[in-house]
Amino acid sequence: MNALLNSIIERQTSLTESLIELALINSGTLNKAGVDNIGAILAKAFQERLNCTHKQIQLPPYIMYGTNGNETKQPLGNLHLLSKRPEAPLQILLTGHLDTVFPPDSDFQQCDWLDNRTLGGPGVSDMKGGLLVMLEALSTFERSSLTKHLGWTVLLNPDEEIGSPGSASIIAQQAAHHDLGMIYEPALPNGQLAGERKGSGNFTVVVKGVAAHAGREHHLGRNAICALAEFITEVDKLNGQREGVTLNVGIVNGGVTTNQVPDQARCRFNIRTRISDDEQWCKLQLQRIQQQINLKKDISLSLHGDFGRPPKSLDEAHLSLFQLVSDCSKQLGTPLVWEATGGCCDGNNLTAAGLPNVDTLGVLGGKIHSSQEFIEIESLVHRAQLSTLILLQLAKQPDRWIRHRKQAPRATAQEQSDET
Ligand SMILES: [Zn+2]
């Protein structure tokens with residue numbers, strides 16, 4: 001086992017080169033060409049190194065709402081499924097996302113060494129580094145004598161950074177056919193694993209009023225921006241009313257010019273939840289506020305969106321898996337614990353679908369979702385060793401981890417969503 005794990009050390013240079021190559025290709029979520037380029041490079045590498053099957057799936061477009069309430073459809077990149085030994089007793093689902101939060105017009109497109117162990121660059125931590133860790137760990141595991149006990153599927157999705165609106169239903173379907181999930185989001189900033197995660201939903205509100213000249217006929221106008229402002233004030237008042245629930249209005253726009261009563265306004269907001277009952281509470285509150293605003297003459301307020309990610313809470317199966325990961329990490333000389341976070345990821349989706357999973361198996365780094373994003377470069381090797389060891393331990397005792405696979409997982413494909 002040690003020889004296998006040690007062999008990864010020699011891969012440091014090659015992993016670093018591959019990471020820089022991937023980071024220099026822009027794959028902002030809505031840059032379909034870039035996301036597909038990353039997907040194609042990785043699918044090819046997985047097939048060449050792992051001799052696995054490959055399936056590419058086109059996703060439905062992502063729907064966005066303009067200030068006038070019109071829908072626009074944005075094409076998403078393709079989703080990739082790579083798998084091996086579907087007949088093996090224990091089935092592991094490994095997931096990672098191809099997209100980043102940096103659009104093609106972002107200023108952050110280059111990699112720079114911050115010192116000889118730290119590389120800055122878009123997506124180096126979140127999660128192009130993690131994708132390489134996954135590939136390296138599987139390649140190493142495949143050279144072991146335990147492979148026949150464990151089959152796997154790698155799911156590479158193109159839309160995680162906007163809440164996986166297009167891929168959520170496929171993630172849920174795949175979860176139903178596997179025993180455990182391993183996700184390659186970066187470790188928390190202190191290097192630890194994420195435990196419980198909050199749930200999340202993204203919503204758009206569109207208000208329509210009546211336009212009029214601001215001077216001549218102000219009394220005939222119905223101001224959409226003012227109605228929206230009332231809505232936003234009421235939404236903000238919900239903060240602090242229920243433990244662990246937060247509502248954040250993040251984007252507002254509307255109106256055309258100052259001498260016209262605006263007849264259009266729009267805002268987008270995010271809600272985080274702690275327990276699944278929070279979703280219903282929030283929906284009732286939003287409905288109440290919506291009805292209140294719609295009582296105004298000639299004002300119509302429509303609400304779009306839904307909760308895309310339920311909260312991730314840890315049951316016995318999750319805790320056993322976390323313990324295994326923690327033990328493996330200790331064996332490699334780095335004790336790990338897990339802690340709750342307000343952020344969410346596809347781990348929420350896997351938990352909602354009934355699949356125990358650990359979702360921060362990617363690299364160490366920090367400042368993700370900012371132009372200061374960086375990776376601790378040696379973590380490519382360390383984390384590949386960790387995942388290899390986890391796979392080896394799972395394959396040693398497959399019976400311990402086989403679960404009664406439940407069917408009919410909750411499908412969470414839905415409208416839009418934003419940052420995760
Ligand atoms: Zn990520």
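Because the structure is predicted, anything quoted here is derived from the model rather than measured. Residue numbers run consecutively from 1 along every chain, following the written order of its sequence. In keeping with the predicted nature of the model, local features appear solely for residues at pLDDT of at least 70, side-chain atom pairs appear and are counted solely at 80 or more, and the whole-chain, interface and lining totals rest on all residues. Heavy atoms throughout the structure, all of them, feed into the side-chain values; hydrogens and water do not.

(A) Local environment of the overall build of the protein chain. The secondary structure listing takes helices from DSSP runs of H or I that are at least 4 residues long and strands from runs of E that are at least 2 residues long, numbered from the N terminus. A tally of helices and strands in the protein chain yields eleven helices and 20 strands. Taken over the C-alpha atoms alone, the protein chain extends approximately 85 × 45 × 35 Å along its principal axes. In the protein chain, the share of contacts with a sequence separation of at least 24, taken over all contacts with a separation of at least 6, comes to 82%. In this description, accessible areas are obtained by the Shrake-Rupley approach with a 1.4 Å probe, and a residue is regarded as covered only by the protein chains that are shown. Accessible surface, the protein chain as shown: approximately 17500 Å² in total, 49% of it carbon and sulfur. In summary, the charge assignment counts Lys and Arg as positive and Asp and Glu as negative, without counting His or the chain termini. Charge positions are represented by NZ for Lys, CZ for Arg, CG for Asp and CD for Glu. Between the mean site of the 38 positive side-chain charges and the mean site of the 45 negative ones, the protein chain shows a separation of 4 Å. Here, residues are in contact when the closest pair of their heavy atoms is within 4.5 Å.

(B) Structural detail: the domain arrangement of the protein chain. Start and end positions for the domains come from either an automated domain assignment or a database one. Once the domains are mapped, the protein chain shows domain 1 (2-198 + 311-401) and domain 2 (200-308). Relative placement of domain 1 and domain 2: their C-alpha centres are 36 Å apart. At the junction of the two partners, domain 1 supplies twelve residues and domain 2 supplies 19 residues. By buried area we mean how much accessible surface two parts lose on assembly, using a 1.4 Å probe and totalling the loss over both. Both sides together, the interface formed by domain 1 and domain 2 hides about 1200 Å², and carbon and sulfur atoms give 54% of it. Throughout this description, the term salt bridge denotes a Lys or Arg side-chain nitrogen within 4 Å of a carboxyl oxygen of Asp or Glu. Our count for the contact surface shared by domain 1 and domain 2 stands at zero salt bridges.

(C) Summary view of the nonpolar core. Residues F46 and L394 are the most contacted members of the largest nonpolar core, which totals 62 residues. A per-element tally of this core places helix α10 (residues 379-396) first, with ten residues. Apart from the residues lying within four places of it in its own chain, the contact partners of F46 are N51, C52, L82, L131, M134, L135, L138 and V154. Put simply, a nonpolar core is a bunch of buried Ala, Val, Leu, Ile, Met, Phe, Trp, Tyr and Cys residues held in one set by side-chain atoms that sit within 4.5 Å of each other. Type-normalised accessible area, obtained with a 1.4 Å probe on protein chains alone, sets the label of each residue: buried when under 20%, exposed when over 50%, and partly exposed for intermediate values. Formed by 24 residues, the second largest nonpolar core is a distinct cluster that contains V205, L228, V235 and F307.

(D) Representation of the pattern of salt bridges. Applying the stated rule across the entire model yields 17 salt bridges. Ionic pairing is found between E230 and K296, a salt bridge with its closest N-O pair at 2.9 Å. Pair noted here: E230 is in helix α6 (residues 224-237) and K296 is in the loop between α7 (277-294) and β16 (300-309), with a separation of 66 residues, a long-range link. You can call E230 partly exposed: its relative accessible area is 38%. Accessibility expressed as a relative area gives 31% for K296, which makes it partly exposed.

(E) Representation of the coordination of the zinc ion in the model. Note that water is not among the atoms used; donors are N, O and S atoms within 2.8 Å of the metal (3.2 Å for Na, K and Ca), so sites may look incomplete. Those protein atoms acting as donors to the zinc ion are H97 (NE2), D126 (OD), E185 (OE) and E185 (OE), and they sit at 1.8 to 2.7 Å. Sites are called tetrahedral only when four donors show all angles between 85 and 135 degrees, square planar or octahedral only when four or six donors show opposite pairs over 155 degrees and all other angles between 65 and 115, and irregular in any remaining case. One can describe the site at the zinc ion as irregular: its four donor atoms subtend angles covering 51 to 148° at the metal. Here the donor residues of the zinc ion are spaced in sequence according to H-x28-D-x58-E. Of the two residues, D126 sits in helix α4 (residues 124-141) while E185 sits in the loop between β9 (180-183) and β10 (193-197), which places them 59 residues apart along the sequence. The class for D126 is buried, based on a relative accessible area of 3%. Under the relative-accessibility criterion, E185 is labelled buried at 8%.

(F) Representation of unusual backbone geometry within the structure. For the bond running from D126 to M127, omega is -10°, close enough to zero to count as cis. Relative to the helices and strands, M127 resides in helix α4. For N51, which is not a glycine, the phi torsion comes out positive at approximately 50°. Along the chain, N51 turns up in the loop between α3 (32-50) and β1 (53-57).

(G) Region of the structure containing the environment of D277. Tracing the backbone shows D277 in helix α7. What makes D277 exposed here is its relative accessible area of 53%. Put simply, D277 and A33 are 244 residues apart on the chain and 39 Å apart in space, counted from C-alpha to C-alpha.

(H) Broad picture of the packing of aromatic side chains. Centres within 6.5 Å are what make two rings of Phe, Tyr or Trp a pair, Trp counting through its six-membered ring; a difference in plane orientation under 30 degrees is then read as stacked, over 60 as edge-to-face, and the rest as tilted. For the coordinates displayed, the defined rule picks out five aromatic pairs. Between the aromatic rings of F102 and F108, the centroid separation amounts to 5.1 Å while the plane-to-plane angle is 80°, which identifies the pairing as edge-to-face. Here F102 falls in the buried class, since its relative accessible area comes to 7%. Taking the centre distance of 5.3 Å and the plane angle of 75° together, the rings of F203 and F307 count as edge-to-face. Here the residue F203 occupies a position in strand β11 (residues 199-208), and F307 occupies one in strand β16, the gap between them amounting to 104 residues. Taking relative accessible area as the criterion, F203 reaches 3% and is therefore assigned buried. Here a set of aromatic residues connected by ring pairs shows up, and it is made of F203, F231, F269 and F307.

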